[in-house]
Amino acid sequence: MLAQSIKRNSSYSFNSILRTLLKSVNLEKALDHFVQYREQGLLPDIYAIPSLLKLLHDLHHPLRYRENIHSFAIKNGYLKDIFVSTGFVEMYFSFGYVASSRHLFDEIPTKDVVLWTAMVSGFSHNGLGDLAVDFFSQMLREGVKPNRITLASVLAACSQLKVPNLGRSVHGFSIRNGIFSSDVVLETAFVDMYAKCGNLTYSTKVFDQMRDRNSVTWNAMITSHANNRFPEATFRLFREMVCENLREPESPMLASLLQVCGGTSDLRHGREIHAYVTRSSRNMNSDMMVEKNALIDMYAKAGDLKSAVSLFENVKNKNLVTWTTMISGYGVHGLGAEAVEAFNAMKKTGTTPDGITFIALLSACSHGRLVDEGLELYISMQRDYKIEPEMKHFACIVDIYARSGLLDQAFRFIKKMPVEPSEFIWASLLSSCRTYKNVDLGEQAAKKALAFNQYNAGVYVLLSQLYADSGQWEDFSKVRLLMKDLGLKPTTAQSWVEVERKMYIFTVRDNLNPYSEKMYKLLETLIETMHKEGFAAYGSFGCHDITKEEKEGNLCGHTEKLALAFVLIKGGGHQGVIRIGKNLRVCKDCHVFFKFVSKIKDCDIILKDPNRYHHFKQGNCNCRDLW
């Protein structure tokens, strides 16, 4: 009896100390405490198992250690306790072992709300939203009432599946059952769900009615507006959050905001965040590497490479992300040689590159048409750094060959790939086939790409453009007719530009702007001047059955031309760099037009399309007419 009493007291003391150490995140001491306990010949009891699982999880120990505890629990009959069983269900889910969690769940005779919630949450976290929803429905049929964590987990599944109707049903259920009332975690889950399902109206409504908002709530709201391309609303929310005197925004949120600025070429808001970061008291407490790297990335993507380089050079302790970000920045601006130079400088510091670094490098070589350098880096990646190439590396090599006109070499490389080429690789080859008017190979690439997804409108558009540029109008018409039969429409073209602290967006043949009449008149005048200077529009795409005047009228309606005309009119004697963004690849006509405008108006123009930056100056472009 005395021995049993001592053992019970030892177990109680062990469990109490272990839980205290875990709460204080003193993991090494917690591990030492467990080792000392075992050296005394004592074994953990049923109450210690969940704490041990948490300890091993926080220490990132391999699964086998936790499987040993599972075996120990089975031998000692501890799995009869639902708390212990639930811990093992969560453990296997955390490693992605969905089948093991499901098998364990089926063996547990009595299931409570915590166990059901673990299943719904586990499926959701492993990207199996449909199974999470199925288990939630089964749980309700079993008469088990969900708690707020259950609802938050099923809402995450709704977000994955993009099923707003189901999310609204869960919303109604939570209100009817009194679960929803003033719970910041659950309310935030609803804000996030509606936003990710594309319903910003409902998301905003829930957000506005919340009494309390935490940093997660604000992050969900700000990120959702950013992802849906509402920059003004995004930064209005950011300012509101700061004005509410919450704790300072965390680094990931600031990085997300800067990513929006880079993606939309929004330098004004990017500089605003830069100023905020500079003033922030976080300067006193951290090296701010996340913010610094995000700022370098923002400036490079927003077209201000000079500021990106200046920031980069002022970072004292550059890490791998810093170097990779700068290499990528050089790449999107077509400066392949500078990217390779930065890589060589990085190696001298002893920083070891990873697979992402090589993706940035190979992409930079592609845009800079550095074929030999790119191939040597691809070999070095495997030989010197033991990095196995992945699909993105293969795609870069195909692009390196294809952009330089070496289409046969690109095709041979694809055929020798150790894995099945992706849809993106074939589409990339097709794009270059259009540039070099290789119809036969382009048709093969299109066929391969469409085998992945016959409803990919982008592939049909590229193929039709290839036929148009090659003068095969009958084939062009067949592709367009097929798109119509499939119900496919090309992505609506948009361009945007900021003038006088306001962002303006233009669509094809836009007539809604108050300056529209002046814009079209200016474009017609410029085109007339271009003709006198020897300018001739390509006018190939989609214009084979209309008159010369109609062709030029259509070309006047291209979104990037409208944005440029607006700046020239609205800005008057515009000084400095004109920055225009576009959601589609710039066409040849507009590219030539921008070169001539930069010469005639003596201005610098930076045009960002999804492929790269085009810097027009004195009648030339840094892409050297290949993009």
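Residues numbered from 1 in each chain as written. Predicted model: local features only at pLDDT ≥ 70, side-chain atom pairs only at ≥ 80, totals over all residues. Heavy atoms only, no water.

With an unreviewed UniProt entry as reference, the protein chain is termed DYW domain-containing protein, source organism Papaver nudicaule. Comment text from UniProt for the protein chain, heading Sequence similarities (unreviewed entry), reads "Belongs to the PPR family. PCMP-E subfamily." (UniProt positions renumbered as here; feature names shortened; annotations may be inferred.)

In this section: the overall build of the protein chain. A count of helical and extended segments in the protein chain gives 32 helices and 6 strands. Of all 627 residues assigned to the protein chain, the portion counted as buried reaches 49%. Within the protein chain, contacts between residues separated by at least 24 positions form 62% of all contacts whose residues are at least 6 apart in sequence. On the protein chain, roughly 31300 Å² of surface is accessible, and the fraction owed to carbon and sulfur atoms is 52%. (Helix = DSSP H or I, 4+ residues; strand = E, 2+ residues; numbered from the N terminus. Buried < 20%, exposed > 50% of the residue type's maximum accessible area, 1.4 Å probe, protein only. Contact = heavy atoms within 4.5 Å. Areas by Shrake-Rupley, 256 points an atom, 1.4 Å probe, with all protein chains shown as cover.)

In this section: the UniProt feature "repeat: PPR" (unreviewed entry) in the protein chain. According to UniProt, the "repeat: PPR" (unreviewed entry) feature falls on residues 10-44, 112-146, 214-248 and 319-353. Taken end to end, residues 112-146 comprises 74% helix and 0% strand; its first and last C-alpha atoms sit 10 Å apart. The span residues 319-353 carries 74% helix and 0% strand; its end-to-end C-alpha distance comes to 10 Å.

Under the defined criterion, the tally for this structure stands at 14 salt bridges. We note a salt bridge from Asp-384 to Arg-383, for which the minimum N-O separation is 2.9 Å. Take Arg-383: its relative accessible area is 44%, and that puts it in the partly exposed class. Across the salt bridge formed by Glu-560 and Lys-582, the nearest N and O atoms sit 3.1 Å from each other. Here Glu-560 is found in helix α31 (residues 559-570), whereas its partner Lys-582 is found in strand β3 (residues 577-582), with 22 residues between them in sequence. Overlapping salt bridges bring together Glu-376, Arg-383 and Asp-384 as one network. (Salt bridge = Lys/Arg side-chain N within 4 Å of Asp/Glu carboxyl O.)

With 138 residues, the main nonpolar core has Phe-88 and Leu-429 as its most contacted residues. Counting residues in hydrophobic clusters, the runner-up holds 33 residues, among them Val-497, Ala-565, Ile-580 and Cys-590. (Core = buried A, V, L, I, M, F, W, Y, C linked by side-chain atoms within 4.5 Å.)

Now for the pairing of strand β2 (residues 502-507). Strand direction decides the pairing type here: strand β1 (residues 494-499) and β2, joined by 6 bridges, are antiparallel. The residue bridging Gln-494 from the neighbouring strand is Thr-507, located in β2. What sits between the antiparallel neighbours β1 and β2 is a turn of 2 residues, in which Glu-500 has the positive phi angle 55°. (Pairing = 2+ DSSP bridges.)

Residues other than glycine seldom take positive phi values, yet Lys-386 does so here, at roughly 55°. Summarising the element assignment, Lys-386 is placed in the loop between α22 (371-385) and α23 (391-403).

The sheet built from 6 strands is open, its strands ordered β2-β1-β3-β4-β5-β6 with mixed pairing. Pairing within the sheet leaves two strands with one partner each, and these edge strands are β2 and β6 (620-621). Pairing analysis gives 5 bridges linking β3 to strand β4 (residues 604-608), with the strands arranged parallel. Looking across to β4, one finds that Arg-579 is bridged to Ile-606.

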